[in-house]
Amino acid sequence: MSIWEYANPVKFMRTSSAILPWVAAGAALCLGAGLVWGFLTPQDYKQGSTVKIMFLHVPAAMMAINIWVMMLAASLIWLIRRHHVSALAAKAAAPVGAVMTVIALLTGAIWGQPMWGTWWEWDPRLTAFLILFLFYLGYIALWSAVDNPDSAADLTGVLCLVGSVFAVLSRYAVNFWNQGLHQGASLSVKAGERVDPTYKYPLYLCMLGFFLLFVTLLLIRTRTEIRRRRTAALLAREVRG
Amino acid sequence: MIALLMRDLRLATRAGGGFGLGLAFFLIVCTLVPFGVGPEGGTLARIAPGILWVGALLACLLSLDRIFALDWEDGSLDLLATAPLPLEGAVLVKAAAHWITTGLPLVLAAPVFGVLLHLPAAAQPWLLVSLGVGTPALSMLGAFGAAITVGLRRGGLLMSLLVLPLYVPTLIFGAEAVRRGAAGADGATPLVFLSGITLAVLATMPFAAAAALRVNLR
Amino acid sequence: MIELGKYAGPVLAAWGVSLALLAGMVVQTLLADARARRALEQVERNRG
């Protein structure tokens, strides 16, 4: 019994269908409870009710980065061990990651407007997220552009590797570029730190909820991709007679 | 390798090779910007480092798809892949040829365009050096993007989407060096970072590009 | 009704946009999954 058994699509389909209801229920429970709890938290003495945006902004930003890391791991597994489920999981995760990045950017902009007096600031953190979004777009576009599924998996895998290096590089380059113009850390919310317990626990619950939601969506979307692949394979066999 | 380099250079300089097109594009960008922002010298001088770098970067992007597309169409890429020269080496040579035909003219012409945009004289050497150090990375990253999209219909547009985010660190450090030079400060720190990126790109990207080419040639 | 103070607009906008995006993604995922499932069943039925 090893984790590589899940590289077998049949095994993956069986196991994922068994655990999917539980994960989905967990996601609904955590996300629902966390969001309601977060929405009912009292106002912050400085930020007023805008602190409630944090319960969406921080988990979304966290997932945006984590999903890319997951895609990197899945791409590596595909490139090294050629497990199809891994490549399909990376493909399935990308749109979710892109949506998370959009949520983080939009809520950040809406939050920034009353707090900093501007929708957008070329702050290192914000800029790095915009660049991450561009990487997501390129990755998704490349998947849809290549016809042969194995070639697409290979090319996007290589792109994911290179993109990861350059995403990190850009993060530090951007820091360098706007150093001294902006007092960086005071504007950012470091998750869990310097946050009052009143907000901390609902925030943790929301993070868990976002994570479970991602796992749910990932499982469903990977199952979709496996079914599509099987449909295409069967059709191809029919054509050949 | 030398033979391949000479062949690529000859092909590029021949009629229809698109040689000099990037340079003309660069000139047009530098001409259009003052129309957009107004002819006032102080404003132009302030944004000149950024315009020159972005212009050079876009001019570089313009001719990237030619790196592999022609060889892909007539099948010589398959020959290169089976040649005794490793594909990584061939990629490096192709990127070098692209740099000599596109990057190098841009570097040499940049000071002239800098004068057009009122770039302070103190920044001119920084512009020359930073472009000279940075454009090889642009060519090499472009070769990677071209290798990924070589077999695709409408590959050009997709390639821009893939390559431009990769240009971010190079652009930041390159333009920063010129900006510091223009402000009379020492631009050595960003220049060192820029050289580091270029060297790392030249050392690693041929492998990624060759891997992508092998997938596309399968 | 919970008191949102003077920032009611931004807070509700941020929550609305985020929840709409999340809901849209969930719906899209489920629809695509249902479509893929139907297509596969169709093909498998045709094969006999």
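Below is a short write-up of the structure. Owing to the predicted nature of the structure, the values given are computational and were not obtained by experimental measurement.

Cut-offs applied
- Residues numbered from 1 in each chain as written.
- Chains lettered and ligands numbered in written order.
- Predicted model: local features only at pLDDT ≥ 70, side-chain atom pairs only at ≥ 80, totals over all residues.
- Heavy atoms only, no water.
- Patch = residues over 30% accessible without salt bridge, like charges linked within 9 Å, V, L, I, M, F, W, Y side chains within 5 Å.
- Areas by Shrake-Rupley, 256 points an atom, 1.4 Å probe, with all protein chains shown as cover.
- Salt bridge = Lys/Arg side-chain N within 4 Å of Asp/Glu carboxyl O.
- Helix = DSSP H or I, 4+ residues; strand = E, 2+ residues; numbered from the N terminus.
- Buried < 20%, exposed > 50% of the residue type's maximum accessible area, 1.4 Å probe, protein only.
- Contact = heavy atoms within 4.5 Å.
- Buried area = accessible area lost by both parts, 1.4 Å probe.
- Polar contact = N/O pair within 3.5 Å; in protein donor to acceptor, adjacent residues only side chain to side chain.
- Nonpolar A, V, L, I, M, F, W, Y, C, P; charged D, E, K, R; others polar.
- Expected span 1.5 Å × (residues − 1).
- Bend = angle between axes of the 7 residues up to and from the residue.

As a further point, take a nonpolar patch on the surface. Residues and elements named next belong to chain A. On the surface, Trp37, Tyr201 and Tyr204 cluster together into a nonpolar patch covering about 340 Å² of accessible area. Relative to the assigned elements, Tyr201 resides in helix α6 (residues 197-240). Owing to a relative accessible area of 46%, Tyr201 belongs among the partly exposed residues under this scheme.

Once that is clear, we can look at the interface of chain A and chain C. Each side of the interface is counted separately: chain A has 38 residues, and chain C has 32 residues. Between chain A and chain C, roughly 3100 Å² of surface is buried when both sides are summed, and carbon and sulfur atoms account for 76% of that area. Taken together, chain A and chain C are joined by two salt bridges. Here C:Glu44 and A:Arg230 are joined by a salt bridge, their closest N and O atoms 3.2 Å apart. Taken together, the links from chain A to chain C amount to six residue pairs in polar contact (both at pLDDT 80 or more). Of all the elements in the fold, those that place two or more residues in the side of chain A that touches chain C are α1 (9-40), α2 (54-81), α3 (84-116) and α6 of chain A. When residues in the side of chain A that touches chain C are grouped by element, the largest group, 15 residues, is from α6(A). Here the residues of the side of chain A that touches chain C sort into 22 nonpolar, eight polar and eight charged.

Below, the discussion takes up α3(A). Residues and elements named next belong to chain A. The terminal C-alpha atoms of α3, which comprises 33 residues, lie 46 Å apart, in line with the 48 Å expected from a rise of 1.5 Å per residue. Its axis deflected by about 25° at Ala94, α3 carries its strongest bend there, up to four residues before the proline Pro95. With respect to burial, α3 is a largely interior element, 24 of its 33 residues being buried. After α3 finishes, the residue Gly117 shows a positive phi value of roughly 75°.

The next point concerns unusual backbone geometry. One non-glycine residue, A:Arg82, lies in positive phi territory at about 55°. Within the fold, A:Arg82 resides in the loop between α2 and α3. In the Ramachandran plot, B:His118 falls in the positive-phi region, its phi being about 60° despite a non-glycine side chain.

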